[in-house]
Each structure stands twice: as structure tokens, then as C-alpha cells.
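Read off the chains here:
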Amino acid sequence: MKKPYLPPHVQLADYKQQKQARYSGNKLIEALPLPLSEEQVIESLEFLPKFDESSRQWARHDRLRELLSLSNVMVPLTSHVELALTLDNMLREGYIGRRPMSPEHVGIYQEIHDDAQKPKAFRQTYDTVAPKLSASIIGVSGMGKTTTIQRCLARYPQVIYHPDLDLYQITWLHFEMSKDGKGVKALLSAIIHAIAELIPDNTYVEDYLKKGRATDAALQTSVRILLNKHCVGLLVPDEIQNAANTRGQSDQVVMTELTTLANKSKNPVLYIGTPKAEKVLGLDMRQARRSLGMGLGNWSPLPRYDVVQGEATMQLVEADGEWVYFMECLWKYCWMSTPQRLTPELLDAFYDCTQGIIDLAIKLFIVVQARAILDDLDTLSVQLVLSVYESQFTLVHPMVTALRNDDREALLMFEDVKSLHVETLMEGLKRRQRLTRMRAASSRPGSPDFQLRLVNAGTALGMPVEDAKVLAVEVEQDGTARNMFDAAAQLAKKAAPAKKGVTKHKGNRGTETAQVSIPSFLGIEHRPDDFRHAIVRAATERTSIVEQLFALQLVREPEDALWAA
């Protein structure tokens, strides 16, 4: 038999011998990949980029580019492994009793025909009860629900062609509930479109959606025919909370329609949603039950500590758990020139700013490093983490506060952490740095913020705050500073101890250089590579700071250090 041409997403059926007797002889199951062990599941889900320690010494722009490799990082946790194992069981168990051309398979077609001839009004019946194999994953956005499901399902060919049956089998069908509140018709149309995109050379959209004005009942019949024709395995409706946006129909009608389809077509269903979906699934407690008796994992934010039983006292104690494990895996990807260990203080800071939300922790870790690299810092600090969170993550402050206070009503308002884009945050940091430099350069005596910026510059140099305030007033009253950098040099000069004169000596190249007195409070006498030498020398010799930086062969730009505050 000549092998048919198959699109890249369609795989030719490859039947495998089954250990379980109830799976044997069912080609829909035999064509699936063999089940994985827990260790194999972890290996299949893990996604950690390669890391070269020498890259910590790369140029600034190269290290910033490397940070983006963390955007798709995945550290498999208990919830991820449990979900992968449960999905596999749901998919296989859902195909029992649905062998193609079997009496059960043909009986579904007969039932579809009978229902189409005698349409029934909606009522709560057995058909509206949750499918036998149903489960729901409810959790705040950013915990990786959808990403994990997509990675779990990626190991199964979504479409398998069986030549001897001339059958295109769809193993799983993932679709999102409509956001626009169009109800049942939008749900049925979404399923038809999803199937049409997978099956080669079909006319389903034209036949079922574009010819005439299809009623809800007609669309339901069409969807049931397609689900049975292509032996659709697992249904994965995502963003289930959108059913609450329905206009003109109650969310119960939409959910009941989906449940009825699954029951009549014998499809297992995995519902995915945010905490707002609890209201939708809770309309009928039977819709929310988990009939498999298997765990889908805890999709709440990770706790700072796990509560375990102590070995000696047998009492419950706090111990490092998956939050610490996750952060330790992430911390290996640190592009600081002088990396430091992950301390409990840093763990606490990251947790306080993310409340254990995985996606938020990854984004904060990326942006904190970007800020450090742009500011030429050697290490990360608690203060830096808190500063970046306060300035760059304002959009999620209400959500993090609600989590911190365990305010469940407030959490219903927040849908998607993914609205924070790492690239946008990093670009914002670069714009902020450029703007800071321009503001610093343009700030002159008489400007509203002149004294405040000058005081910040003085404290960054190591001056006591009160001394910096007094000297800042004097510099402004002098009125000769052309910009903030000029003012900082004058401030350093005023802080220098009085001297009777300037002594000169021959430099390395025979040129005369001034022996500059250094203010004692700076504490830089024995630190020749400290950029503040350039500021003091510029104030004494009446040259620019940049010139002194070149003369002293200092690499750092003084603007970054001065105005980081």
C-alpha cells in the first residue's frame, strides 16, 4: 500500500504492544506513545538553557541578550509531574470502549442521529453531569498551568493517521473559551475551527459554519459528529472563567453545553482556569468533582516554606521546600561578574515581591539582573530586588498584595501575569537610564530638584546627609554649576579639607600632575580604582570628570554610580 502524503503535524500510526489487557486491541491507544515513568516525565518537562560561566565576564550588551534565554525556563515541580501522569491516564482511559467500527462507536452516531430528529429542550439530566473522566486545574495566573499542559501534550502526536481505517485520530484538542461573551455558539464554532485546522483537505468550516445560519442545535450536532468521526481524545478547554462573561445566556448554559458534548461523545475533559473559574465550575458541584481519584497537583503559589514533621520531635516544623529548590535552579543563571550565593535574605526578598508565583519570579530575576548590568553592579542585593519591584512591577502590586493578605475576593480581579513582558521591562530600564542621565545633565541651580539630586550625589559619594545638605545649598547659591555633574564636582571640592597649596610631582610620562587632598570621609585613600578620585581631581584641577576618568584609567562611568540613587 502506497504511503499517503501527510502534513508535518500528522503522524502515521505506529502500534505498540500494551501491558494492560484493557488497552490491547484498541488501535486508538496502541498508536499512542508508551507511558513514561516519573523520572522520564521530569526529563521530558525540564527546560534549562546551557550556561557558560565565562559569559559572566562578557560585555554588557551580550549579557543582557543572554538574560532572554530564561524567558522559557521550566523547572519541573511536583504539580507538573502529577499533572503529566494524570493526563496520560485520562487520555488512555477515555479511549476504552471507543474502538473505531465497534458497536459502541457506531452507537454514538445513532444517538447523534436520534437527537437531531427529536431535539430536546434544555434540562438538568445525566448528560449535563460532569464526564466520568473529568478534572479541573484552578490557580492564579503565572503558575504555568497552560504551559505545562502544552508541554505534557507535546509528546503525543496531535493527529495520527490510521491507513487501514482511513481515520485521522485527534488525540487532544486544546481551545480557549471566548472572551467576548458570545456564549454557546462561540464555543461550538471554536471547536469546529480547532478540528478544521488539524484535518487535511477538509471543508468543515464551509459546511458547518458558512452555509446558511446554523442554529445552536445544528452546531451541536455538527460538533458531536466531528468529535466522534475523528475519535477526539482529551478535551482541554482553557480560560474557563470566560464563561462568566456570557451575554444573553447564563454561564450555566455554556458550561452545560460543553459538559453535554463531552458526555455524549465519551470525551474526558480537563478544565483550566483562574480562581474566577471556581464560580463557573461551582454552579453544579457534580461538574467540579474529580472522578479519577488521582492528583492534579497543587497549583496555588509556592509557599515560602514547606511544613513537615520533624524527625526528632515529631512536631510540625518549617523546612525549605520547592520554592527554595526552584530559586536555586534559577540562581545558577546569574550573569553578575561576581556572583554571590543565594542567601535566606534574598530568598525572602524575591518571595515577598512574587508570593511564590513562578512566572513572576522568573521575570523579576531577569529584570533585576538587567538593572544590575546596566548600573555596572557586580552582585545582586536585597535592596536592588526591592527597588526593581517597586519601580518596574507596579502593574502586579495589587495582585501580590492580595496574595500576601490572602484576599481571595481581590484575587478574582486579576487574570493574567503574562501581561508583563520581559522585553518591555528591560527596554524600560534602558530608557530610564538614558532619561536619568539627561535629567542629571540638564539640572542646574534654580531647578526644583537641584538640591535633592545634589544631596543624593553627595550621599552616594559617602558624605553624611546633613553635610551634603549644607554644601548643596552653598553650591546652588554660588550659581556657577553648568549642570549636575559640574555641581557634584563643586560639592566634592567644598568637602575637601582646606590646604595651603597644591603640590605637583612628575607623573609616569614626565607630566606634572596635582597631588590632590582627598576628603577623609570618603575612605578611598587606599582604593586607587575608586571613581570618586576622578570627581575630587576634577574639582581641584577645574577639569571635567570624564577627562579625569581617562587620566586615571578608570572604567566605570561616574554618571551611573552618582545617579543610581
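Given the structure is predicted, the values throughout are model-derived calculations rather than measurements. (Residues numbered from 1 in each chain as written. Predicted model: local features only at pLDDT ≥ 70, side-chain atom pairs only at ≥ 80, totals over all residues. Heavy atoms only, no water.)

## Describing the overall build of the chain
Looking only at helices and strands, the chain has 24 helices and eleven strands in total. The burial tally for the chain puts 48% of its 565 residues in the buried class. Looking at the chain as shown, the accessible area adds up to about 28,500 Å², and 51% of this sits on carbon and sulfur atoms. (Helix = DSSP H or I, 4+ residues; strand = E, 2+ residues; numbered from the N terminus. Buried < 20%, exposed > 50% of the residue type's maximum accessible area, 1.4 Å probe, protein only. Areas by Shrake-Rupley, 256 points an atom, 1.4 Å probe, with all protein chains shown as cover.)

## Here's the deal with the nonpolar core
Within the largest apolar cluster, 88 residues are counted, with the highest numbers of intra-cluster contacts made by Ile-149, Trp-323, Phe-326, Met-327, Leu-364, Leu-380 and Phe-393. Setting aside residues up to four positions removed in sequence, Trp-323 forms contacts with Leu-302, Pro-303, Arg-304, Leu-347, Phe-350, Tyr-351, Thr-354, Gly-356 and Ala-361. The next biggest cluster of nonpolar side chains, apart from the first, holds 38 residues, and it includes Val-159, Tyr-168, Ile-170 and Leu-187. (Core = buried A, V, L, I, M, F, W, Y, C linked by side-chain atoms within 4.5 Å. Contact = heavy atoms within 4.5 Å.)

## Structural notes on the packing of aromatic side chains
Inspection of the entire model under this criterion finds ten aromatic pairs. On the basis of an interplanar angle of 20° and a centroid distance of 6.1 Å, the ring pair of Tyr-204 and Tyr-208 is categorised as stacked. Placement of the pair is Tyr-204 and Tyr-208 together in helix 8 (residues 204-210), with a separation of four residues, close to one helical turn. Among the residues examined, Tyr-204 registers a relative accessible area of 8% and is labelled buried. Among the residues examined, Tyr-208 registers a relative accessible area of 23% and is labelled partly exposed. Centre to centre, the rings of Tyr-333 and Trp-335 are 6.5 Å apart; their planes meet at 40°, and the pair counts as tilted. Side by side, Tyr-333 and Trp-335 carry an identical accessibility label, which is buried. Among the aromatic residues, those joined into a ring-pair cluster are Phe-51, Tyr-333 and Trp-335. The ring centre of Tyr-156 lies 5.0 Å from the NZ or CZ of Arg-155, which sits over that ring. For Arg-304, the ring lying beneath its charged end belongs to Tyr-305, and the centroid distance is 4.3 Å. (Phe/Tyr/Trp six-rings, centres within 6.5 Å; stacked < 30°, edge-to-face > 60°. Lys NZ or Arg CZ within 6 Å of the ring centre and 35° of its normal.)

## Observations regarding the environment of Ser-44
Secondary-structure assignment places Ser-44 in helix 2 (residues 38-45). Through-space distance from the C-alpha of Ser-44 to that of Val-81 is 10.0 Å; in sequence the pair is 37 residues apart. Polar side-chain contacts of Ser-44 include one of 2.7 Å to the backbone oxygen of Val-41. (Polar contact = N/O pair within 3.5 Å; in protein donor to acceptor, adjacent residues only side chain to side chain.)

## Let's talk about the side chain of Glu-30
Of note, Glu-30 is situated in helix 1 (residues 27-30). Lys-27 provides the closest opposite charge to the buried, salt-bridge-free Glu-30, at an N-O distance of 6.8 Å. (Lys, Arg positive; Asp, Glu negative; His and termini not counted. Salt bridge = Lys/Arg side-chain N within 4 Å of Asp/Glu carboxyl O.)

## Details of the sheet that holds strand 4 (residues 167-170)
Read from one edge to the other, the open sheet built from three strands follows the order 1-3-4, with strand pairing classed as mixed. The sheet terminates laterally at strand 1 (10-12) and strand 4, the two strands that pair on one side only. Averaged over neighbouring strand pairs, the angle between their axes works out to 30° when direction is ignored. (Pairing = 2+ DSSP bridges. Axes fitted to C-alpha atoms, helices over the stretch in contact; angles between N-to-C directions.)

## Topic: unusual backbone geometry
Located in the positive-phi region is Asp-166, a residue other than glycine, with phi close to 50°. Its location among the elements puts Asp-166 in the loop between strand 3 (159-162) and strand 4. Using a relative accessible area of 56% as the deciding quantity, one classes Asp-166 as exposed.

## Points about the pattern of salt bridges
Under the criterion given, the structure shown has 13 salt bridges. Across the pair Arg-22 and Glu-93 runs a salt bridge whose closest N-O atoms are separated by 2.7 Å. With a gap of 71 residues between them, Arg-22 in the loop between strand 1 and helix 1 and Glu-93 in helix 4 (residues 78-94) connect regions that are remote in the sequence. Take Arg-22: its relative accessible area is 49%, and that puts it in the partly exposed class.

## Considerations on the packing of helix 2 against helix 4
When two helices pack together, their arrangement is given by the angle between the helix axes and by the axis-to-axis distance. Across the interface, helix 2 lies against helix 4 with an axial gap of 10 Å and an inter-helix angle of 110°. The pairing of helix 2 with helix 4 is recorded here as roughly perpendicular in orientation. Between helix 2 and helix 4, the contacting residues are Glu-38, Val-41, Ile-42 and Leu-45 on the first element and His-80, Val-81, Ala-84 and Leu-85 on the second. In terms of residue class, the contact of helix 2 with helix 4 is made up of six nonpolar, one polar and one charged. (Parallel < 35°, antiparallel > 145°, perpendicular 65-115°, else oblique. Nonpolar A, V, L, I, M, F, W, Y, C, P; charged D, E, K, R; others polar.)

## Quick notes on the confidence of the model for the chain
On average, residues of the chain carry a pLDDT of 79, and 74% of them reach 70 or more. Within the model, pLDDT remains below 50 along residues 283-295, and this stretch shows 35 contacts once partners closer than five positions in the same chain are excluded. In the model, residues 555-565 has pLDDT below 50 throughout and makes 30 contacts with residues more than four positions away in sequence or in other chains. (pLDDT = per-residue confidence, 0-100.)

## Things to note about the packing of helix 13 (residues 344-354) against helix 15 (residues 382-392)
Orientation of helix 13 relative to helix 15, taken along the N-to-C sense of each, is 10°, at an axis distance of 9 Å. With respect to helix 15, the axis of helix 13 lies roughly parallel. Judged by residue contacts, Glu-345, Leu-346, Ala-349, Phe-350 and Cys-353 of helix 13 engage Val-382, Val-385, Leu-386 and Tyr-389 from helix 15. Here the residues of the contact of helix 13 with helix 15 sort into eight nonpolar, no polar and one charged.

## Notes on the environment of Ser-69
By the element assignment, Ser-69 lies in the loop between helix 3 (60-67) and helix 4. Residues Ser-69 and Lys-50, 19 residues apart in the sequence, show an inter-C-alpha distance of 9.1 Å. Not counting residues up to four positions away in its chain, the partners in contact with Ser-69 are Pro-49 and Trp-335. Looking at Ser-69, its side chain comes within polar contact range of the main-chain oxygen of Glu-66, at 2.7 Å.

## What to know about helix 20 (residues 465-478)
Between its first and last C-alpha, helix 20 extends 20 Å over 14 residues, near the 20 Å set by a 1.5 Å rise per residue. Listed in full, the buried residues belonging to helix 20 are Ala-468, Leu-471, Ala-472, Val-475 and Glu-476. Along the long axis of helix 20, the arc covered by the buried residues comes to 140°, so they all point the same way. Opposite the buried face of helix 20, by more than 90 degrees, sit the exposed residues Glu-466 and Gln-477. Following helix 20 by one or two positions, Gly-479 has its phi on the positive side, about 70°. (Expected span 1.5 Å × (residues − 1). Arc of directions from axis to C-beta.)

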